[in-house]
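# Examining the three-dimensional arrangement
Chain by chain, the residues run as shown.
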Amino acid sequence: MASNLYEHQTNGRKKSQVVVVMVPFPAQGHLNQLLHLSRLISAYNIPVHYVGTTTHSRQAKSRIQGSITNIHFHEFPTPPFFTPSPNPNTSTKFPAHLQPSFEASSHLREPVASLVHALAPTAHKIVVIHDAFMSSIVQDVVTISNAESYSFQSGSAFNFLAFKWESIGRPSSLKLETLKNLPSMDGCFTQEFMEFATCQIPLMDKFSSGTIHDVSKVIEGEYFDLLTKEEFSGNIKQWALGPFNPVSISDHKRHNCLNWLDKQDPNSVIYVSFGTTTSLTDEQIHELAIGLEDSEQKFIWVLREADKGDIFEGNYARRAELPKGYEQRIQGKGIILRDWVPQLEILEHASTGGFMSHCGWNSCMESMSMGVAMAAWPMHSEQPRNAMLITDVLKIGTLVRDWERRDELVTSLSVEKAVRRLMVSKEGGEMRKRAAEMGGTVRRSVAEGGVTRAEFDSFISHITRM
Ligand SMILES: *[C@@H]1O[C@H](CO)[C@@H](O)[C@H](O)[C@H]1NC(C)=O
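Bear in mind that the values here come from a model prediction, so they are computed numbers and not experimental data.

This next bit is on the domain arrangement of the protein. Frequently, the measure chosen for interface size is the accessible area removed from exposure when the parts meet. Each assigned domain of the protein is listed here: domain 1 (11-247 + 444-463) and domain 2 (256-443). Placing a centre on the C-alpha atoms of domain 1 and another on those of domain 2 gives a separation of 26 Å. At the junction of the two partners, domain 1 supplies 58 residues and domain 2 supplies 50 residues. Of the roughly 4,600 Å² buried between domain 1 and domain 2, counting both surfaces, carbon and sulfur atoms make up 58%.

Okay, here's the thing in structure tokens:
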């Protein structure tokens, strides 16, 4: 019987073989990935406990796509933290305004240790899966004899390999042409965040039993294989368990924009969204608006502000101005959404033919899972490198602007050209064909007998071994 595969009878009481504790980093992309991973692990009838501050746990649950059942949520209050509005005018696009909420997560160290202590007697083994940026929070796990911890890397294998390669002094033994032209890390992070990350990363390798990636071997096999080599990973086992997101989705509460998509031609709509950590300047919003209109392509544009550190706190959000008469002019051609949208469903829809994106890793994986080519407009963090993977390496997308020109306004003409290149040019047609094929490959990889399914089964056997 599947239901007690991982449970044993001990002294007449049920004792699980293994219990998993998830410790996500409190930013949307990261919260989302580990909640999807929770769902996948829980499908093997393994109890999963998802830990967060009260507000971030609530955030993760309120935005998840796909059904979440059987996950035990633990919500721990923190002292109040500063939750400023994002500033669209800063020269670096990294969401500096989220820093206080990142720092607030330090209050989870004690509650997490107590939780793992409390769970320890209930199972043969406690497996703690924590975001690499939460390494300091789980450091006490080493004192619990039947617990082991796995760190989670939320980005692409390509980005992680590049990071490792640079941190060991760019050895020329690694002969990869692509790595020679890596976009610069300048402008990717704030100094404050670099300092925060620098305190977490060294701890991670000290007690990690393995590293889990939201990466698929059918997409990044070459980079992932290199990553597993000793010079990059020491003897720490690496697992490619992605995509974590569902590869097909249907929600009974259907968003209105899907009804609009139903009426459009196949592959005719470009979906435009820059994730949860980017706020564009007024000037940039204006150029983007005109560029989309001038491209004469149908579009769905998600025009929202970056998340605040506590998304439930206060109602203030800048309502970005559009050019005069714009919304009347684009009627029937485009729709503008200012709230949370079901991105996976939009990407899966047959009318969606392209995705203009900041290239956060969740968006990249979702787009590749659904077979949608991208117009890449990286903003910060590892996004310029993800964009390089999407465009240069996988050739399933085109750049809206080059990272080296990040300080310049992207003109409406650049936007128009990028949209046309992706949606109507011959070159774009080839990108879209490759993306569609990749979607099929990814979906097969997670089905019975697929590469990712096999990797997942092997991970589950590893953590449930006696
Ligand atoms: C950003 O710049 C715009 C226009 O220059 C200005 O109206 C706005 O108040 C600025 N916002 C912030 C948060 O500084």
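All right, on to the site of the ligand then. The environment of the ligand is made up of Asn87, Asn89 and Asp282. Within the side chain of Asn89, an N or O atom sits 2.4 Å from an oxygen atom of the ligand.

Attention shifts here to unusual backbone geometry. A cis geometry characterises the amide bond from Gly242 onward to Pro243, with omega recorded as 0°. One non-glycine residue, Ser381, adopts positive backbone phi at about 50°. With respect to the helices and strands, the residue Ser381 is situated in the loop between β13 (374-376) and α15 (383-393). Ser381 gets classed as buried once you look at its relative accessible area, which sits at 8%.

For the structure on display, the rule yields 20 aromatic pairs. Judged by centre distance (6.4 Å) and plane angle (65°), the ring pair of Phe25 and Phe193 falls under edge-to-face. Taken as a pair, Phe25 in the loop between β2 (13-23) and α1 (28-42) and Phe193 in helix α7 (residues 191-207) lie far apart in primary sequence, 168 residues in all. With respect to class, Phe25 is no different from Phe193; both count as buried.

Pairs can form between side chains of opposite charge once their charged atoms are near each other. Tallied over the full model, the rule gives 20 salt bridges. Between Arg465 and Glu148 there is a salt bridge; the shortest N-O distance is 3.4 Å. Note that Arg465 is positioned in the segment after α18 (451-464) and Glu148 in strand β6 (residues 147-153), a separation of 317 residues in sequence. Residue Arg304 is joined to Asp307 by a salt bridge in which the shortest nitrogen-to-oxygen separation is 3.2 Å.

For the rest of this paragraph, the subject is the confidence of the model for the protein. On average, residues of the protein score 93 in pLDDT, and 97% of them are at 70 or above. This stretch, residues 1-12, has a pLDDT under 50; its non-local contacts, to residues over four places away or in other chains, come to 20 contacts.

As a further point, take the state of the cysteines. All told, the structure shown has 0 disulfides when counted by the stated rule. There is no disulfide at Cys359, and the cysteine sulfur nearest it, in Cys364, is 4.3 Å away. Given the relative accessible area of 0%, Cys359 is considered buried.

What follows concerns the packing of helix α16 (residues 412-424) against helix α17 (residues 426-446). At a minimum axis distance of 5 Å, the contact between α16 and α17 shows a crossing angle of 60°. Here α17 runs oblique to α16, going by the angle between their axes. Contacts between α16 and α17 involve Arg421, Leu422, Met423 and Val424 on the former and, on the latter, Lys426, Glu427, Gly428, Met431 and Arg432. Looking at the contact of α16 with α17 residue by residue, the classes come out as 4 nonpolar, 1 polar and 4 charged.

About the thresholds
- Residues numbered from 1 in each chain as written.
- Predicted model: local features only at pLDDT ≥ 70, side-chain atom pairs only at ≥ 80, totals over all residues.
- Heavy atoms only, no water.
- Domains from an automatic or database assignment.
- Contact = heavy atoms within 4.5 Å.
- Buried area = accessible area lost by both parts, 1.4 Å probe.
- Near = heavy atom within 4 Å.
- Polar contact = N/O pair within 3.5 Å; in protein donor to acceptor, adjacent residues only side chain to side chain.
- Helix = DSSP H or I, 4+ residues; strand = E, 2+ residues; numbered from the N terminus.
- Buried < 20%, exposed > 50% of the residue type's maximum accessible area, 1.4 Å probe, protein only.
- Phe/Tyr/Trp six-rings, centres within 6.5 Å; stacked < 30°, edge-to-face > 60°.
- Salt bridge = Lys/Arg side-chain N within 4 Å of Asp/Glu carboxyl O.
- pLDDT = per-residue confidence, 0-100.
- Disulfide = S-S within 2.5 Å.
- Axes fitted to C-alpha atoms, helices over the stretch in contact; angles between N-to-C directions.
- Parallel < 35°, antiparallel > 145°, perpendicular 65-115°, else oblique.
- Nonpolar A, V, L, I, M, F, W, Y, C, P; charged D, E, K, R; others polar.

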